[in-house]
Each structure stands twice: as structure tokens, then as C-alpha cells.
Amino acid sequence: MSQRNNFRTGDQTLVREINLSLIMNRLHRHTPISRAGLADMTGLNKSTVSSLVNELIEHRFIHELGVLSSGIGRPSVQLELNPQAGFIVSAEIGVGFVSVLCSNFTADIVWRCREKLSIELGQAAILDRVIALLHTAIEAGKATPQSPTLLGIAIGIPGLIDMNEGKLLFAPNLRWRNVPIRHLMQREFPDVPVFVDNEANMAALGEYFFGAAQDFNEILYLSAGVGLGGAIVRDGQLMRGTTGFAGEFGHMTMDRDGELCNCGNRGCWETQVTQSAVFRAIRQAIGSGAVSSLQPYLDDLTVQLVVDAAKQGDQVAIHTLNRVGHDLGVGIASLVNVLNPDLVLVGGIISLAGEFIMPVIETELNTRALRSSASAVTILPAKHSQDACVMGGVATVYQRVLSQPNTITHGIN
Ligand SMILES: [Zn+2]
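For clarity, every value in this text was computed on a predicted model and none was experimentally measured.

Visitor: Describe the overall build of the protein, with residues and values.
Guide: In terms of regular secondary structure, the protein is built from 13 helices and 16 strands. Dimensions of the protein, computed from C-alpha atoms along their principal axes, come out at roughly 80 × 50 × 45 Å. Across the 413 residues that make up the protein, the buried fraction comes to 42%. Here the contacts in the protein between residues at least 6 apart in sequence split such that 60% fall between residues at least 24 apart.

In C-alpha cells form, the structure reads like this:
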């Protein structure tokens with residue numbers, strides 16, 4: 001075969017892959033839809049759409065729902081993504097816990113587990129437990145007779161990830177460095193695609209595909225809990241930066257002489273708006289003589305306790321949460337000026353305090369951001385709260401299948 005023919009064959013394969021992905025992505029956004037509807041929406045001709053659809057049906061990524069009459073023209077067979085195309089397993093290694101779930105292809109949860117796991121147990125013991133839970137999740141997925149194929153495993157971690165190697169470089173709040181997560185998982189689960197990413201990146205993608213960000217294109221996601229994570233999603237793609245570490249908003253310096261951060265610097269935004277900042281402020285207020293119903297719980301504070309106290313009118317709790325809202329709002333206003341997003345999503349455990357922090361964030365935004373950017377942005381709480389990362393892991397695998405259905409194990413070869 002001549003070089004020219006080789007090139008043309010490669011070109012046609014690429015075009016076919018792009019068109020398969022186009023069909024899958026349209027079915028994600030507009031479902032159910034007919035073959036004719038897909039042709040209108042993609043600009044592909046009807047015979048090409050039919051051929052692509054037939055291939056995707058043959059490989060179980062999409063299926064026919066039956067005939068629907070719109071009242072205009074001939075009734076047509078409707079298509080949707082097939083929830084039984086396979087199953088996805090996703091895990092979050094958090095600070096003090098691990099969360100694992102198994103879902104079908106379209107993110108309906110089949111099995112889940114969340115365990116407290118102290119970081120004092122050590123890295124090896126924690127990773128062993130994650131692997132054991134992944135095996136259990138996979139068994140649960142395989143027990144679903146309609147879709148026994150594992151499409152991928154996703155692992156989210158609150159740290160900097162080398163995306164080429166799937167290696168955790170540094171997780172300040174876990175105190176882990178240089179852990180070859182994907183290599184370890186791939187050794188345990190050979191022949192399965194394994195995706196490793198920062199937990200906020202995954203969470204943002206989860207909100208884009210299955211949560212509060214589905215109708216938005218320029219999304220700033222912030223997640224305040226033990227740390228402050230963040231991510232930017234533009235047209236369904238994570239903005240990663242040159243070396244993959246974009247989105248570390250928590251380590252922007254907001255007060256150059258402020259509290260010491262786990263990253264080693266002082267006054268990072270993270271030191272102002274995370275749960276430990278809330279607890280520290282409450283202890284300080286009570287230590288200075290303020291009266292609060294939280295006094296008996298000072299050694300065991302949780303965000304939920306603080307929110308409950310605030311709801312009952314506890315002024316120390318209300319003032320503290322308002323203060324966090326203010327500090328979040330100041331940073332968000334600057335980010336809105338820089339990025340001009342159409343959506344800011346606030347997630348993480350702090351979002352439990354939404355009724356106390358969201359109005360303050362709105363006020364700060366409207367006071368500090370440029371009017372043209374502030375008026376174009378919507379602020380919402382994230383949908384998946386404490387499941388954000390694991391749902392994002394599901395979205396990570398799902399996005400890979402949508403973009404390259406021909407590379408998945410039981411896909412089109
Ligand atoms: Zn920091």
C-alpha cells in the first residue's frame with residue numbers, strides 16, 4: 001500500500017472516531033432523539049448517522065427506545081445512551097475517609113461505601129483498604145447481569161497529580177508525596193483503564209455531566225472542606241494549565257502574614273475558608289468570652305454542628321459562617337473578574353452552611369466584581385456535596401467513553 005493510501009486510511013479512521021464521539025455527545029445532551037434528529041443536529045447525512053448508530057447499538061453503547069410520534073411527519077424510533085453499556089467504579093481517597101461507588105454507564109449508583117479512615121493508619125494500609133473496596137465494588141458491578149463490563153476505574157485525591165504518569169506528587173492535607181497511584185492500581189486491575197485526578201477536577205467534571213453545571217459552559221468550581229480545591233471547566237473540558245496543576249485556588253495568598261498553611265506558605269485562601277478555619281474562629285470567640293451553645297463540643301466540632309447551632313440562632317456560629325462567606329466572596333469576586341465564568345459552583349462540606357454563606361458571597365461579588373462580569377455569572381451550590389468527587393470519577397470514565405467509544409474494551413475495533 002502506498003504512503004498516500006496509508007494516510008487516507010488513517011484520516012478516515014480519525015473522522016469516524018470523531019463522528020462516533022459526536023453522536024455519543026449529542027445523545028448525552030439531547031435524549032431521546034431519532035436518527036433524523038441526530039442528522040439535523042450534527043450536520044451529518046442520514047446514511048452516515050444510520051451507519052454510526054448501528055455500530056454503537058451493536059456495541060451496546062446506545063439502544064432503541066421504541067417509536068415516538070411527534071404528531072408531525074412519520075413516527076420515528078428514539079435512541080438513548082444505554083445505561084447497561086457497562087459499569088464504572090470510582091473512589092475518593094480523602095483526608096480521614098475513603099469513598100467508593102459503582103454506577104451503571106449513565107451514573108445511576110449500584111453500590112456505595114464511605115468509611116472513616118484515619119491518615120495516621122499510613123499510606124500502605126489506606127491503599128490496601130481502597131483496593132479491597134474497589135474489588136467489592138467491581139463484584140457488585142459484575143453482579144448486575146445486564147452490564148458485566150467494567151468500563152474504567154477512577155481515583156480522586158486532594159493533591160497535585162502528574163497526569164502523564166497518574167502519579168500523586170504532593171497531597172499536603174494527606175501528607176503524601178510521590179505515590180504512583182495509577183501504576184499501583186493497574187498492577188491490581190490489569191486490562192482496565194485507570195484514571196487518576198485531583199479531587200476538585202473530578203468533582204467539577206461530575207457537576208458538568210451529572211450535576212448543577214449541566215447547562216453552563218464556563219464553570220468555576222470551588223470546594224471548601226478540609227482544604228480548598230478548585231477547577232475550571234470550559235465547554236466540558238478541564239483547564240489544566242501547562243503542567244496540569246491549574247486550579248489550586250486554595251493556595252492563592254490572601255493575607256501575607258496570615259495563618260500557616262499545610263503547603264508551607266502563610267495566609268493562603270485555604271486557611272480562611274476551610275472547616276478548620278471555622279473551628280478555629282469558634283474556639284477563639286468562645287475563648288474570648290463569647291457565649292455559644294457550641295461550648296461543650298469544642299473538641300469535637302463538625303460543620304454540621306456549627307450549621308445546626310447557627311440555625312438555632314447561635315450568634316457565634318452565625319458570625320463565623322458569615323465571615324467564611326465574606327472571605328469566600330472576596331476571592332470569588334477576584335476570580336470572576338479574571339475568568340468571566342457563567343457559573344460559580346460552591347461545593348464541599350462548607351456548602352452545608354449554604355443559607356449562611358451564599359447570600360454573603362453574592363453580596364461580596366456584587367460589591368467587588370466588575371459589574372459586567374458579576375451580572376453574567378450565576379452562583380449555585382454544587383449538587384453532589386460529599387459525593388462530588390466519586391460522581392466526578394464516574395464522569396471522568398463516562399467522558400472518556402463519549403469521546404473515544406472505539407477504544408473501550410468491548411468497543412468498536
Ligand atoms: Zn497553602
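Structure's up, so let's keep going.
Visitor: Which residues make up the nonpolar core, and what are the values?
Guide: Judged by nonpolar contacts, the single largest core of 114 residues is most densely connected at Ala204, Ile219, Tyr221, Val233 and Val306. For this core, the element with the highest residue contribution is helix α13 (residues 388-403), accounting for ten residues. Setting aside its immediate chain neighbours within four residues, Val233 contacts Ala204, Leu205, Tyr208, Ala213, Ile219, Tyr221 and Leu238.

Visitor: I'd like to hear about the sheet that holds strand β6 (residues 109-116), residue by residue, with values.
Guide: The five strands lie next to each other as β6-β5-β4-β7-β11, forming an open sheet whose pairing is mixed. Each edge of the sheet is formed by a strand with only one pairing partner; in this case those strands are β6 and β11 (194-198). In this sheet, neighbouring strand axes are inclined to one another by 15° on average, regardless of whether the strands run parallel or antiparallel. Bridge count for strand β4 (residues 87-93) against strand β5 (residues 97-104) is seven bridges, and the pairing is antiparallel.

Visitor: Describe unusual backbone geometry, listing the residues and the values that go with them.
Guide: Cis rather than trans, the peptide bond between Thr31 and Pro32 has omega equal to -5°. Topologically, Pro32 is positioned in the loop between α1 (3-29) and β1 (33-34). Of note, Asp235 is a non-glycine position whose phi angle comes to about 50°, a positive value. Relative to the helices and strands, Asp235 resides in the loop between β13 (228-234) and β14 (237-238).

Visitor: Describe the packing of helix α2 (residues 35-42) against helix α3 (residues 46-58), and please don't skip the residues or the numbers.
Guide: The geometry of a pair of packed helices is captured by two quantities: the angle between their axes and the separation between those axes. Running from N to C, α2 and α3 cross one another at 115°; their axes reach a closest spacing of 9 Å. Seen from above, α2 lies across α3 with right-handed handedness. Note on element contacts: α3 touches α2 through Lys46, Val49, Ser50 and Val53, opposite Arg35, Ala36, Leu38, Ala39 and Thr42. Split by residue class, the contact of α2 with α3 holds five nonpolar, two polar and two charged.

Visitor: Account for the sheet that holds strand β12 (residues 218-224), naming residues and giving values.
Guide: Taken in spatial order, the five strands make up an open sheet running β14-β13-β12-β15-β16, and their pairing is mixed. The outermost strands of the open sheet, each flanked by one partner alone, are β14 and β16 (378-381). As paired elements, β13 and β14 share two bridges and run antiparallel to each other. Bridge pairing links Val233 to Leu238 in β14. Sheet strands touched by helix α6 (residues 199-210): β12, β13, β14 and β15 (343-347). Its angle to β13, the strand with the most contacts, is close to 45°. Taken strand by strand, helix α10 (residues 315-339) contacts β12, β13 and β15, and its axis lies near 155° from that of β12.

Visitor: How would you summarise the environment of Gly348 if you had to cite specific residues and measurements?
Guide: Among the secondary structure elements, Gly348 is positioned in the loop between β15 and α11 (354-368). Spatially, the C-alpha atoms of Gly348 and Gly122 are 24 Å apart, while their sequence positions differ by 226 residues. Every residue in contact with Gly348, bar those within four places of it in the chain, is listed here: Ser223, Ala224 and Gly225.

Visitor: Could you give me a rundown of the environment of Leu184, with the residues and numbers involved?
Guide: Here Leu184 shows up in helix α5 (residues 181-188). When the C-alpha atoms of Leu184 and Ile131 are compared, they prove to be 9.4 Å apart, with 53 residues separating the residues in sequence.

Visitor: So, the domain arrangement of the protein: which residues are in play, and what are the values?
Guide: Under the domain assignment used here, the protein contains domain 1 (3-81), domain 2 (85-205 + 389-407) and domain 3 (212-382). The gap between the C-alpha centroids of domain 1 and domain 3 is 42 Å.

Visitor: Help me get a handle on the environment of Gln186, residues and values and all.
Guide: With respect to the helices, strands and loops of the structure, Gln186 is situated in helix α5. Given 17 C-beta atoms within 10 Å, Gln186 falls into the partly exposed group.

Criteria and cut-off values
- Residues numbered from 1 in each chain as written.
- Predicted model: local features only at pLDDT ≥ 70, side-chain atom pairs only at ≥ 80, totals over all residues.
- Helix = DSSP H or I, 4+ residues; strand = E, 2+ residues; numbered from the N terminus.
- Buried ≥ 20, exposed ≤ 12 C-beta atoms within 10 Å, placed from the backbone.
- Contact = placed C-beta atoms within 7 Å.
- Core = buried A, V, L, I, M, F, W, Y, C linked by C-beta atoms within 7 Å.
- Pairing = 2+ DSSP bridges.
- Axes fitted to C-alpha atoms, helices over the stretch in contact; angles between N-to-C directions.
- Left-handed = near helix turned anticlockwise from the far one by under 90°.
- Nonpolar A, V, L, I, M, F, W, Y, C, P; charged D, E, K, R; others polar.
- Domains from an automatic or database assignment.

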